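What follows is the residue order along each chain.
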Amino acid sequence: MSPRAGQSGPPARTLAFVESPVQLLNVLEWAHLHAGRIAAGAQEAPGAPDAEGAPGAEGAGTGGADPAAAARPGGSDPATAFLPGQAAVPVPALPAPAPPAPAALGAVPPQSRRAAVRRALGRRAPGDRAPAAGADLTVVVLAPTDPMTRGQLRRMADLAREDGHRVRWEEARGGASAPFQTIGGLAGVLRRADRIVMGDPFSRYVQLLLTITRAKDLVVVDDGTATMEFVAQLARGERLVRWHRKGGRPGARDLLFAPVSSSARRRLTPNARRRVEVFSSMPVSEIPDGVTVTANGFAWTRARFGPPTVTAGADMVGTSLVETGVVDGERYLEAVRALAKAHGATRYFAHRREHPDKLRRLAAETGLEIVRPELPLELIARRGPVGRTILSFPSTVVHTLPLALAGTGVRVAVCDIDPAWLTDTASPRAQGFLSGVTGTARDVHRLAAVSLA
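Residues numbered from 1 in each chain as written. Predicted model: local features only at pLDDT ≥ 70, side-chain atom pairs only at ≥ 80, totals over all residues. Heavy atoms only, no water.

(A) Representation of the overall build of the chain within the structure. Secondary structure summary: the chain contains 15 helices and 13 strands in total. Counting across all 453 residues of the chain, residues that qualify as buried make up 52%. As presented, the chain carries roughly 19400 Å² of accessible surface, and 55% of it is formed by carbon and sulfur atoms. (Helix = DSSP H or I, 4+ residues; strand = E, 2+ residues; numbered from the N terminus. Buried < 20%, exposed > 50% of the residue type's maximum accessible area, 1.4 Å probe, protein only. Areas by Shrake-Rupley, 256 points an atom, 1.4 Å probe, with all protein chains shown as cover.)

What follows is the structure, encoded as C-alpha coordinates:
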(Lines give C-alpha, C1' and ligand atoms only; values in the text may rest on other atoms or scores of the structure.)
Protein backbone atom coordinates (compact mmCIF):
# COMPACT_ATOMS: atom_id res chain seq x y z
CA MET A 1 0.00 0.00 0.00
CA SER A 2 1.35 3.41 -0.90
CA PRO A 3 1.80 6.27 1.58
CA ARG A 4 -0.93 8.15 -0.28
CA ALA A 5 -3.36 5.35 0.51
CA GLY A 6 -2.77 5.88 4.20
CA GLN A 7 -0.21 3.21 5.05
CA SER A 8 1.65 4.19 8.19
CA GLY A 9 5.39 3.82 8.29
CA PRO A 10 8.52 5.44 9.66
CA PRO A 11 8.71 9.08 8.56
CA ALA A 12 11.45 9.94 6.13
CA ARG A 13 14.11 12.02 7.83
CA THR A 14 15.48 13.18 4.46
CA LEU A 15 13.45 13.84 1.32
CA ALA A 16 15.22 14.37 -2.01
CA PHE A 17 13.35 15.86 -4.99
CA VAL A 18 14.77 15.15 -8.44
CA GLU A 19 13.58 15.77 -11.99
CA SER A 20 16.54 14.52 -14.01
CA PRO A 21 18.96 11.57 -13.91
CA VAL A 22 21.92 13.89 -13.23
CA GLN A 23 20.17 15.27 -10.17
CA LEU A 24 19.53 11.75 -8.87
CA LEU A 25 23.16 10.80 -9.54
CA ASN A 26 24.30 13.70 -7.39
CA VAL A 27 21.84 12.86 -4.63
CA LEU A 28 23.48 9.42 -4.49
CA GLU A 29 26.92 11.06 -4.43
CA TRP A 30 25.79 13.30 -1.54
CA ALA A 31 24.32 10.36 0.40
CA HIS A 32 27.50 8.33 -0.17
CA LEU A 33 29.71 11.12 1.13
CA HIS A 34 27.64 11.86 4.21
CA ALA A 35 26.47 8.40 5.21
CA GLY A 36 28.94 5.98 3.65
CA ARG A 37 28.12 2.30 3.48
CA ILE A 38 27.02 0.90 6.85
CA ALA A 39 27.26 -2.84 7.50
CA ALA A 40 28.60 -3.50 4.00
CA GLY A 41 27.18 -6.58 2.34
CA ALA A 42 23.84 -6.64 4.19
CA GLN A 43 21.02 -6.80 1.66
CA GLU A 44 17.26 -6.72 1.93
CA ALA A 45 15.64 -10.07 1.14
CA PRO A 46 14.01 -10.24 -2.33
CA GLY A 47 10.35 -9.31 -2.21
CA ALA A 48 10.58 -7.80 1.25
CA PRO A 49 8.41 -4.72 1.73
CA ASP A 50 10.13 -1.39 1.59
CA ALA A 51 10.13 1.05 4.46
CA GLU A 52 6.77 2.50 3.38
CA GLY A 53 5.14 -0.92 3.54
CA ALA A 54 4.96 -1.59 -0.21
CA PRO A 55 6.92 -4.15 -2.21
CA GLY A 56 9.17 -1.94 -4.33
CA ALA A 57 8.49 1.71 -3.58
CA GLU A 58 7.94 2.51 -7.25
CA GLY A 59 4.22 2.11 -6.67
CA ALA A 60 4.14 4.90 -4.12
CA GLY A 61 2.78 8.15 -5.41
CA THR A 62 0.73 8.98 -8.46
CA GLY A 63 2.31 6.45 -10.79
CA GLY A 64 4.02 3.09 -10.56
CA ALA A 65 4.82 1.50 -13.89
CA ASP A 66 5.55 3.70 -16.85
CA PRO A 67 2.46 3.38 -19.11
CA ALA A 68 4.53 4.27 -22.16
CA ALA A 69 6.93 1.41 -21.45
CA ALA A 70 4.16 -1.16 -21.60
CA ALA A 71 3.10 0.11 -24.99
CA ARG A 72 6.55 -0.23 -26.51
CA PRO A 73 7.44 -3.47 -28.29
CA GLY A 74 8.79 -5.92 -25.78
CA GLY A 75 8.48 -3.35 -23.01
CA SER A 76 11.66 -1.66 -24.24
CA ASP A 77 12.63 1.75 -23.00
CA PRO A 78 13.57 4.68 -25.24
CA ALA A 79 16.68 5.26 -23.18
CA THR A 80 18.29 2.27 -24.86
CA ALA A 81 17.02 3.08 -28.36
CA PHE A 82 19.43 4.11 -31.08
CA LEU A 83 18.78 5.96 -34.26
CA PRO A 84 17.88 3.83 -37.29
CA GLY A 85 20.98 2.39 -38.86
CA GLN A 86 23.18 3.18 -35.86
CA ALA A 87 24.86 0.43 -33.89
CA ALA A 88 24.56 0.33 -30.12
CA VAL A 89 27.69 0.68 -28.06
CA PRO A 90 28.16 -2.51 -26.04
CA VAL A 91 27.41 -1.67 -22.42
CA PRO A 92 28.12 -4.31 -19.79
CA ALA A 93 25.37 -5.22 -17.38
CA LEU A 94 25.30 -3.52 -14.02
CA PRO A 95 27.28 -5.48 -11.47
CA ALA A 96 25.15 -7.58 -9.17
CA PRO A 97 25.16 -6.63 -5.48
CA ALA A 98 27.67 -8.60 -3.49
CA PRO A 99 26.05 -11.29 -1.29
CA PRO A 100 26.17 -10.80 2.47
CA ALA A 101 29.45 -11.86 4.01
CA PRO A 102 28.73 -14.69 6.47
CA ALA A 103 31.65 -13.71 8.67
CA ALA A 104 30.30 -10.18 8.97
CA LEU A 105 26.85 -11.13 10.29
CA GLY A 106 26.95 -14.76 11.28
CA ALA A 107 28.87 -14.29 14.52
CA VAL A 108 26.47 -11.79 16.12
CA PRO A 109 23.08 -12.31 17.79
CA PRO A 110 19.96 -12.24 15.56
CA GLN A 111 18.84 -8.91 17.08
CA SER A 112 22.16 -7.33 16.12
CA ARG A 113 21.96 -8.81 12.62
CA ARG A 114 18.51 -7.31 12.12
CA ALA A 115 19.77 -3.95 13.39
CA ALA A 116 22.73 -4.10 10.99
CA VAL A 117 20.43 -4.76 8.05
CA ARG A 118 18.19 -1.85 9.07
CA ARG A 119 21.18 0.45 9.30
CA ALA A 120 22.54 -0.77 5.94
CA LEU A 121 19.22 0.20 4.36
CA GLY A 122 19.31 3.64 5.90
CA ARG A 123 16.70 2.87 8.61
CA ARG A 124 16.93 3.43 12.31
CA ALA A 125 17.30 0.53 14.70
CA PRO A 126 15.95 0.77 18.29
CA GLY A 127 18.31 2.79 20.46
CA ASP A 128 20.06 4.43 17.51
CA ARG A 129 20.89 8.09 17.60
CA ALA A 130 19.64 10.38 14.83
CA PRO A 131 20.93 9.02 11.52
CA ALA A 132 23.69 10.56 9.49
CA ALA A 133 22.90 13.04 6.75
CA GLY A 134 22.49 10.49 3.98
CA ALA A 135 20.58 7.90 6.02
CA ASP A 136 16.79 7.34 5.98
CA LEU A 137 16.64 8.87 2.51
CA THR A 138 13.53 8.85 0.35
CA VAL A 139 14.03 9.99 -3.23
CA VAL A 140 10.94 11.60 -4.76
CA VAL A 141 11.06 11.57 -8.57
CA LEU A 142 8.95 14.37 -10.04
CA ALA A 143 8.71 12.56 -13.35
CA PRO A 144 9.12 14.58 -16.55
CA THR A 145 7.34 13.74 -19.79
CA ASP A 146 10.43 13.38 -22.02
CA PRO A 147 10.88 9.65 -22.78
CA MET A 148 14.69 9.73 -22.73
CA THR A 149 14.79 11.46 -19.37
CA ARG A 150 12.20 9.08 -17.93
CA GLY A 151 14.19 6.07 -19.09
CA GLN A 152 17.42 7.30 -17.51
CA LEU A 153 15.57 8.21 -14.32
CA ARG A 154 14.16 4.69 -14.02
CA ARG A 155 17.64 3.20 -14.26
CA MET A 156 19.01 5.65 -11.73
CA ALA A 157 16.08 4.82 -9.44
CA ASP A 158 17.09 1.15 -9.62
CA LEU A 159 20.61 2.08 -8.51
CA ALA A 160 19.19 4.12 -5.63
CA ARG A 161 17.16 1.12 -4.46
CA GLU A 162 20.22 -1.11 -4.70
CA ASP A 163 21.92 1.30 -2.30
CA GLY A 164 19.04 0.83 0.17
CA HIS A 165 17.19 4.10 -0.44
CA ARG A 166 13.43 4.38 -0.91
CA VAL A 167 12.15 5.74 -4.21
CA ARG A 168 8.77 7.37 -4.69
CA TRP A 169 7.81 7.95 -8.32
CA GLU A 170 5.39 10.83 -8.87
CA GLU A 171 3.64 11.38 -12.20
CA ALA A 172 3.90 15.07 -11.44
CA ARG A 173 3.13 16.14 -15.01
CA GLY A 174 0.58 13.48 -15.93
CA GLY A 175 -2.34 15.81 -16.63
CA ALA A 176 -4.04 18.96 -15.41
CA SER A 177 -4.83 17.50 -11.99
CA ALA A 178 -1.41 15.86 -11.48
CA PRO A 179 0.25 18.84 -9.71
CA PHE A 180 -2.58 19.06 -7.18
CA GLN A 181 -2.46 15.30 -6.53
CA THR A 182 1.33 15.32 -6.22
CA ILE A 183 1.50 18.29 -3.86
CA GLY A 184 -1.43 17.02 -1.80
CA GLY A 185 0.14 13.58 -1.48
CA LEU A 186 3.51 14.99 -0.44
CA ALA A 187 2.29 17.63 2.01
CA GLY A 188 2.36 15.35 5.04
CA VAL A 189 5.83 13.91 4.52
CA LEU A 190 7.14 17.37 3.61
CA ARG A 191 6.01 18.79 6.94
CA ARG A 192 7.58 15.90 8.86
CA ALA A 193 10.92 15.85 7.04
CA ASP A 194 13.99 17.19 8.85
CA ARG A 195 16.04 17.67 5.69
CA ILE A 196 15.17 18.52 2.09
CA VAL A 197 17.59 17.75 -0.75
CA MET A 198 16.80 19.29 -4.13
CA GLY A 199 18.37 18.98 -7.53
CA ASP A 200 16.90 22.08 -9.16
CA PRO A 201 16.20 25.21 -7.08
CA PHE A 202 15.00 26.92 -10.29
CA SER A 203 12.18 24.38 -10.70
CA ARG A 204 8.75 25.86 -10.06
CA TYR A 205 7.67 22.52 -8.66
CA VAL A 206 10.50 22.50 -6.13
CA GLN A 207 9.94 26.16 -5.24
CA LEU A 208 6.28 25.43 -4.55
CA LEU A 209 7.14 22.43 -2.38
CA LEU A 210 9.58 24.58 -0.39
CA THR A 211 6.67 26.73 0.78
CA ILE A 212 5.21 23.67 2.54
CA THR A 213 8.22 22.20 4.31
CA ARG A 214 9.32 23.03 7.84
CA ALA A 215 12.74 21.44 7.38
CA LYS A 216 15.62 23.34 8.94
CA ASP A 217 18.25 21.67 6.76
CA LEU A 218 18.19 22.37 3.01
CA VAL A 219 20.66 20.88 0.52
CA VAL A 220 21.07 21.82 -3.14
CA VAL A 221 22.91 19.17 -5.16
CA ASP A 222 24.40 19.75 -8.59
CA ASP A 223 22.15 20.30 -11.56
CA GLY A 224 25.05 21.03 -13.85
CA THR A 225 26.15 24.51 -14.82
CA ALA A 226 22.90 25.91 -13.40
CA THR A 227 24.37 25.42 -9.92
CA MET A 228 27.00 28.08 -10.60
CA GLU A 229 24.30 30.57 -11.52
CA PHE A 230 22.09 29.65 -8.56
CA VAL A 231 24.84 30.31 -6.02
CA ALA A 232 25.77 33.60 -7.68
CA GLN A 233 22.16 34.80 -7.79
CA LEU A 234 21.61 33.81 -4.16
CA ALA A 235 24.74 35.72 -3.12
CA ARG A 236 23.56 38.85 -4.99
CA GLY A 237 19.98 38.60 -3.75
CA GLU A 238 18.63 38.33 -7.29
CA ARG A 239 15.52 36.49 -8.43
CA LEU A 240 16.16 32.89 -9.42
CA VAL A 241 16.32 32.72 -13.24
CA ARG A 242 18.10 30.14 -15.40
CA TRP A 243 21.19 31.57 -17.08
CA HIS A 244 20.00 31.08 -20.67
CA ARG A 245 16.79 33.01 -19.92
CA LYS A 246 18.39 35.85 -18.00
CA GLY A 247 18.12 39.23 -19.69
CA GLY A 248 14.70 38.59 -21.24
CA ARG A 249 11.47 40.12 -20.05
CA PRO A 250 9.48 38.04 -17.52
CA GLY A 251 6.44 36.39 -19.05
CA ALA A 252 2.95 36.24 -17.62
CA ARG A 253 3.63 32.93 -15.86
CA ASP A 254 6.84 34.36 -14.37
CA LEU A 255 4.93 37.30 -12.92
CA LEU A 256 2.18 35.04 -11.59
CA PHE A 257 4.72 32.76 -9.94
CA ALA A 258 6.92 35.60 -8.63
CA PRO A 259 5.65 35.44 -5.00
CA VAL A 260 6.41 31.72 -4.79
CA SER A 261 9.87 32.22 -6.32
CA SER A 262 10.62 35.03 -3.85
CA SER A 263 9.51 32.82 -0.97
CA ALA A 264 11.78 30.01 -2.20
CA ARG A 265 14.74 32.37 -2.41
CA ARG A 266 14.15 33.49 1.19
CA ARG A 267 13.94 29.87 2.36
CA LEU A 268 17.18 29.08 0.55
CA THR A 269 18.89 31.90 2.42
CA PRO A 270 20.48 30.53 5.62
CA ASN A 271 19.79 32.07 9.00
CA ALA A 272 20.06 31.15 12.67
CA ARG A 273 17.27 28.58 12.31
CA ARG A 274 17.98 27.17 8.87
CA ARG A 275 21.10 25.56 7.37
CA VAL A 276 21.77 25.59 3.62
CA GLU A 277 24.35 23.36 1.92
CA VAL A 278 25.42 23.34 -1.73
CA PHE A 279 26.92 20.03 -2.86
CA SER A 280 28.72 20.62 -6.13
CA SER A 281 31.56 19.65 -8.43
CA MET A 282 31.23 23.04 -10.14
CA PRO A 283 33.44 26.04 -9.29
CA VAL A 284 31.69 28.42 -6.91
CA SER A 285 33.15 31.92 -6.78
CA GLU A 286 30.44 33.86 -4.94
CA ILE A 287 29.44 32.03 -1.77
CA PRO A 288 26.48 33.55 0.08
CA ASP A 289 26.97 34.25 3.76
CA GLY A 290 26.18 31.19 5.85
CA VAL A 291 26.00 28.73 2.93
CA THR A 292 28.09 25.59 3.31
CA VAL A 293 29.71 24.41 0.07
CA THR A 294 30.72 20.74 -0.07
CA ALA A 295 32.80 19.37 -2.93
CA ASN A 296 31.41 16.51 -5.01
CA GLY A 297 34.35 14.33 -6.00
CA PHE A 298 32.25 11.54 -7.60
CA ALA A 299 33.45 9.01 -5.04
CA TRP A 300 30.25 6.95 -5.37
CA THR A 301 30.62 6.72 -9.14
CA ARG A 302 34.25 5.59 -8.93
CA ALA A 303 33.46 3.04 -6.23
CA ARG A 304 30.41 1.69 -8.05
CA PHE A 305 31.71 1.41 -11.64
CA GLY A 306 34.87 0.79 -13.60
CA PRO A 307 37.62 1.33 -14.24
CA PRO A 308 36.68 1.40 -17.93
CA THR A 309 38.37 -0.09 -20.95
CA VAL A 310 40.03 2.83 -22.76
CA THR A 311 40.17 2.70 -26.57
CA ALA A 312 42.57 4.55 -28.85
CA GLY A 313 39.93 6.72 -30.52
CA ALA A 314 38.00 9.85 -29.59
CA ASP A 315 34.39 10.28 -28.48
CA MET A 316 32.29 13.43 -28.65
CA VAL A 317 29.72 14.66 -26.14
CA GLY A 318 26.58 16.35 -27.43
CA THR A 319 24.89 19.42 -25.98
CA SER A 320 21.36 20.83 -25.92
CA LEU A 321 22.48 24.42 -26.60
CA VAL A 322 20.57 24.32 -29.90
CA GLU A 323 17.40 23.09 -28.18
CA THR A 324 17.60 25.86 -25.55
CA GLY A 325 17.91 28.49 -28.27
CA VAL A 326 21.48 29.55 -27.47
CA VAL A 327 23.40 28.19 -30.50
CA ASP A 328 22.29 28.20 -34.14
CA GLY A 329 21.56 24.70 -35.43
CA GLU A 330 23.45 25.04 -38.72
CA ARG A 331 26.52 26.44 -36.99
CA TYR A 332 26.42 23.61 -34.47
CA LEU A 333 26.27 20.99 -37.22
CA GLU A 334 29.27 22.56 -38.96
CA ALA A 335 31.23 22.74 -35.70
CA VAL A 336 30.57 19.06 -34.88
CA ARG A 337 31.65 18.02 -38.38
CA ALA A 338 34.88 20.05 -38.20
CA LEU A 339 35.71 18.91 -34.67
CA ALA A 340 35.12 15.24 -35.45
CA LYS A 341 37.29 15.42 -38.57
CA ALA A 342 40.12 17.25 -36.79
CA HIS A 343 40.31 14.76 -33.90
CA GLY A 344 39.16 11.53 -35.51
CA ALA A 345 36.01 11.16 -33.39
CA THR A 346 33.77 8.22 -34.26
CA ARG A 347 31.02 8.28 -31.62
CA TYR A 348 28.65 11.05 -30.51
CA PHE A 349 27.05 10.65 -27.08
CA ALA A 350 23.77 12.54 -27.38
CA HIS A 351 22.40 14.75 -24.64
CA ARG A 352 19.06 13.44 -23.45
CA ARG A 353 17.30 16.64 -24.60
CA GLU A 354 18.71 16.67 -28.15
CA HIS A 355 16.00 16.43 -30.78
CA PRO A 356 15.87 13.19 -32.81
CA ASP A 357 15.71 15.08 -36.13
CA LYS A 358 18.90 16.94 -35.27
CA LEU A 359 20.62 13.67 -34.32
CA ARG A 360 19.56 11.95 -37.55
CA ARG A 361 21.02 14.80 -39.54
CA LEU A 362 24.24 14.69 -37.52
CA ALA A 363 24.58 10.96 -38.24
CA ALA A 364 23.91 11.41 -41.95
CA GLU A 365 26.22 14.40 -42.51
CA THR A 366 29.12 13.64 -40.17
CA GLY A 367 29.31 9.83 -40.22
CA LEU A 368 29.36 9.78 -36.42
CA GLU A 369 27.77 6.87 -34.60
CA ILE A 370 25.00 8.42 -32.48
CA VAL A 371 24.66 6.86 -29.04
CA ARG A 372 21.78 7.66 -26.73
CA PRO A 373 23.02 6.67 -23.25
CA GLU A 374 20.82 4.81 -20.83
CA LEU A 375 22.48 6.50 -17.83
CA PRO A 376 24.20 9.85 -17.17
CA LEU A 377 27.42 10.14 -19.15
CA GLU A 378 29.61 10.05 -16.03
CA LEU A 379 28.40 6.48 -15.38
CA ILE A 380 28.51 5.42 -19.03
CA ALA A 381 32.10 6.65 -19.37
CA ARG A 382 33.11 5.03 -16.10
CA ARG A 383 31.67 1.69 -17.21
CA GLY A 384 33.31 1.98 -20.62
CA PRO A 385 34.50 1.36 -23.19
CA VAL A 386 35.47 4.99 -23.71
CA GLY A 387 37.83 6.81 -26.07
CA ARG A 388 41.17 8.07 -24.83
CA THR A 389 40.01 11.59 -25.74
CA ILE A 390 36.53 12.98 -24.99
CA LEU A 391 35.58 16.11 -26.93
CA SER A 392 32.95 18.46 -25.56
CA PHE A 393 31.53 21.93 -25.95
CA PRO A 394 31.08 24.00 -22.74
CA SER A 395 28.83 21.96 -20.47
CA THR A 396 28.66 20.27 -17.11
CA VAL A 397 30.71 17.27 -18.26
CA VAL A 398 33.91 19.31 -18.63
CA HIS A 399 33.81 19.58 -14.83
CA THR A 400 32.40 16.17 -13.92
CA LEU A 401 34.12 13.76 -16.33
CA PRO A 402 37.69 14.51 -15.11
CA LEU A 403 36.50 13.61 -11.59
CA ALA A 404 34.62 10.47 -12.61
CA LEU A 405 37.52 9.30 -14.83
CA ALA A 406 40.36 10.23 -12.50
CA GLY A 407 43.29 7.85 -12.86
CA THR A 408 42.07 6.25 -16.12
CA GLY A 409 44.28 8.23 -18.53
CA VAL A 410 41.29 9.64 -20.42
CA ARG A 411 41.74 13.25 -21.59
CA VAL A 412 38.78 15.65 -21.68
CA ALA A 413 39.07 18.42 -24.30
CA VAL A 414 36.62 21.33 -24.48
CA CYS A 415 35.96 23.48 -27.56
CA ASP A 416 34.95 27.10 -27.05
CA ILE A 417 31.73 28.48 -28.50
CA ASP A 418 32.42 31.14 -31.13
CA PRO A 419 30.21 34.24 -30.56
CA ALA A 420 29.17 33.98 -34.22
CA TRP A 421 27.39 30.69 -33.43
CA LEU A 422 24.93 32.31 -31.01
CA THR A 423 21.35 32.96 -32.07
CA ASP A 424 19.79 36.42 -32.19
CA THR A 425 17.56 35.45 -29.27
CA ALA A 426 20.36 34.14 -27.03
CA SER A 427 20.64 35.77 -23.62
CA PRO A 428 23.11 38.67 -23.48
CA ARG A 429 24.96 36.71 -20.81
CA ALA A 430 25.30 33.54 -22.88
CA GLN A 431 28.81 34.06 -24.26
CA GLY A 432 30.30 35.17 -20.95
CA PHE A 433 28.65 32.33 -19.08
CA LEU A 434 29.82 29.67 -21.55
CA SER A 435 33.35 31.06 -21.51
CA GLY A 436 33.28 30.91 -17.73
CA VAL A 437 32.20 27.26 -17.82
CA THR A 438 35.21 26.45 -19.97
CA GLY A 439 37.70 28.72 -18.23
CA THR A 440 36.96 27.39 -14.75
CA ALA A 441 37.15 23.71 -15.72
CA ARG A 442 40.03 21.82 -14.10
CA ASP A 443 42.08 19.03 -15.66
CA VAL A 444 40.78 19.62 -19.19
CA HIS A 445 42.54 20.50 -22.43
CA ARG A 446 41.13 23.70 -23.90
CA LEU A 447 40.62 23.87 -27.65
CA ALA A 448 40.07 27.04 -29.64
CA ALA A 449 36.73 27.41 -31.40
CA VAL A 450 36.88 25.42 -34.61
CA SER A 451 37.12 27.38 -37.86
CA LEU A 452 33.97 27.08 -39.97
CA ALA A 453 34.28 27.39 -43.74
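Back to the write-up after that little detour.
(B) Representation of the sheet that holds strand β4 (residues 195–198). Taken in spatial order, the seven strands make up an open sheet running β3-β2-β1-β4-β5-β6-β7, and their pairing is parallel. What marks the edges here is a single partner per strand, and that holds for β3 (166–170) and β7 (291–295). The mean inter-strand angle of the sheet, taken between neighbouring strand axes irrespective of direction, is 20°. Taken together, the four bridges between β4 and strand β5 (residues 217–221) define a ladder with parallel strand orientation. (Pairing = 2+ DSSP bridges. Axes fitted to C-alpha atoms, helices over the stretch in contact; angles between N-to-C directions.)

(C) View of the sheet that holds strand β9 (residues 345–349). Taken in spatial order, the six strands make up an open sheet running β10-β9-β8-β11-β12-β13, and their pairing is parallel. In the strand order of this sheet, the two ends are held by β10 (369–371) and β13 (445–447), each with one partner. Between one strand axis and the next, the sheet turns through 30° on average, direction left out of account. Contacting β8 (310–317), β11 (386–392) and β12 (411–415), helix α14 (residues 397–404) runs over the sheet at an angle of about 175° to β12. (Contact = heavy atoms within 4.5 Å.)

(D) Region of the structure containing the packing of helix α1 (residues 21–35) against helix α5 (residues 147–162). Remark: α1 packs on α5, axes separated minimally by 8 Å, with the N-to-C direction vectors making an angle of 15°. Comparing their axes, α5 and α1 come out roughly parallel. For the pair α1 and α5, the crossing hand works out as left-handed. Across the interface between the two elements, Pro21, Leu24, Leu25 and Leu28 of α1 pack against Thr149, Gln152, Leu153, Met156, Ala157, Leu159 and Ala160 of α5. (Parallel < 35°, antiparallel > 145°, perpendicular 65-115°, else oblique. Left-handed = near helix turned anticlockwise from the far one by under 90°.)

(E) Up close: the pattern of salt bridges. One pass over the full model with this rule turns up 19 salt bridges. The salt bridge involving glutamate 277 is made with arginine 275; its shortest N-O contact spans 3.4 Å. You can call glutamate 277 buried: its relative accessible area is 1%. Sharing partners across several salt bridges, the network here consists of Arg195, Asp217, Arg275 and Glu277. (Salt bridge = Lys/Arg side-chain N within 4 Å of Asp/Glu carboxyl O.)

(F) Quick peek at the side chain of threonine 294. Summarising the element assignment, threonine 294 is placed in strand β7. Look at threonine 294 and you get buried, because its relative accessible area is 17%. Looking at threonine 294, its side chain comes within polar contact range of the side chain of glutamate 277, at 2.9 Å. Setting aside residues up to four positions removed in sequence, threonine 294 forms contacts with Leu33, Glu277, Val278, Phe279 and Ser280. (Polar contact = N/O pair within 3.5 Å; in protein donor to acceptor, adjacent residues only side chain to side chain.)

(G) Up close: the side chain of glutamate 354. Along the polypeptide, glutamate 354 turns up in the loop between β9 and α12 (356–366). Residue classification places glutamate 354 among the buried positions, given a relative accessible area of 2%. Leaving out residues up to four positions away in the same chain, glutamate 354 has contacts with Gly318, Thr319, Ser320, Glu323, Tyr332, Tyr348, Phe349, Leu359, Leu362 and Arg372.

(H) Highlighting the pairing of β4. Side-chain alternation along β4 places Arg195 and Val197 on one buried face and Ile196 and Met198 on a second face that is also buried. Pairing analysis gives four bridges linking strand β1 (residues 14–18) to β4, with the strands arranged parallel. When the sheet's bridge partners are listed, phenylalanine 17 is paired in β4 with methionine 198. Note that the unit made of β4, helix α7 (residues 204–210) and β5 has a crossover that is right-handed. (Right-handed = clockwise from strand over helix to strand, strands pointing away.)

(I) The arrangement of the environment of aspartate 222 in detail. Among the structural elements, aspartate 222 can be located in the loop between β5 and α8 (226–236). Aspartate 222 sits in the buried class, given a relative accessible area of 2%. Expressed as a C-alpha distance, the spacing of aspartate 222 and proline 201, which sit 21 residues apart in the sequence, is 10.0 Å. In this structure, aspartate 222 is in contact with Val22, Gln23, Asn26, Gly199, Thr227, Phe279, Ser280, Ser281 and Met282, ignoring residues within four places of it in sequence.

(J) Examining the nonpolar core more closely. Counting 41 residues, the largest nonpolar core has Leu24, Val27, Val139, Met156, Leu159, Leu379 and Leu401 as the members making the most contacts within it. A total of six residues in this core trace back to one element, the largest contributor, which is α1. Residues within four places of leucine 24 in sequence aside, it is in contact with Val18, Val139, Leu153, Met156 and Ala157. If you look at the next biggest cluster of nonpolar residues, it comprises 31 residues, including Leu186, Ala193, Met198 and Leu234. (Core = buried A, V, L, I, M, F, W, Y, C linked by side-chain atoms within 4.5 Å.)

(K) Main features of α5. Between its first and last C-alpha, α5 extends 23 Å over 16 residues, near the 22 Å set by a 1.5 Å rise per residue. Within α5, the full set of buried residues consists of Met148, Thr149, Arg150, Gly151, Gln152, Leu153, Arg154, Met156, Ala157, Leu159 and Ala160. Following α5 by one or two positions, glycine 164 has its phi on the positive side, about 90°. (Expected span 1.5 Å × (residues − 1).)

(L) Structural detail: the packing of aromatic side chains. Here the structure, examined in full by the defined rule, presents three aromatic pairs. Ring geometry for tyrosine 332 against phenylalanine 393: centres 5.3 Å apart, planes inclined by 50°, an arrangement best described as tilted. Of the two residues, tyrosine 332 is situated in helix α11 (residues 329–343) and phenylalanine 393 in the loop between β11 and α14; the sequence distance between them amounts to 61 residues. Across this residue pair, the class does not change: tyrosine 332 and phenylalanine 393 are buried. Here the aromatic rings of phenylalanine 393 and tryptophan 421 are separated by 6.2 Å at their centres, their planes lie at 80°, and the arrangement is edge-to-face. Of this pair, phenylalanine 393 sits in the loop between β11 and α14 while tryptophan 421 sits in the loop between β12 and α15 (430–439), placing them 28 residues apart in sequence. By the burial criterion, phenylalanine 393 is buried, and tryptophan 421 matches it. Ring pairing ties together the aromatic residues Tyr332, Phe393 and Trp421, which thus form one cluster. Lying over the aromatic face of tryptophan 169, arginine 154 brings its terminal NZ or CZ to 3.6 Å of the ring centre. A cation sits over an aromatic face here: arginine 304 above phenylalanine 305, 5.5 Å from the ring centre. (Phe/Tyr/Trp six-rings, centres within 6.5 Å; stacked < 30°, edge-to-face > 60°. Lys NZ or Arg CZ within 6 Å of the ring centre and 35° of its normal.)

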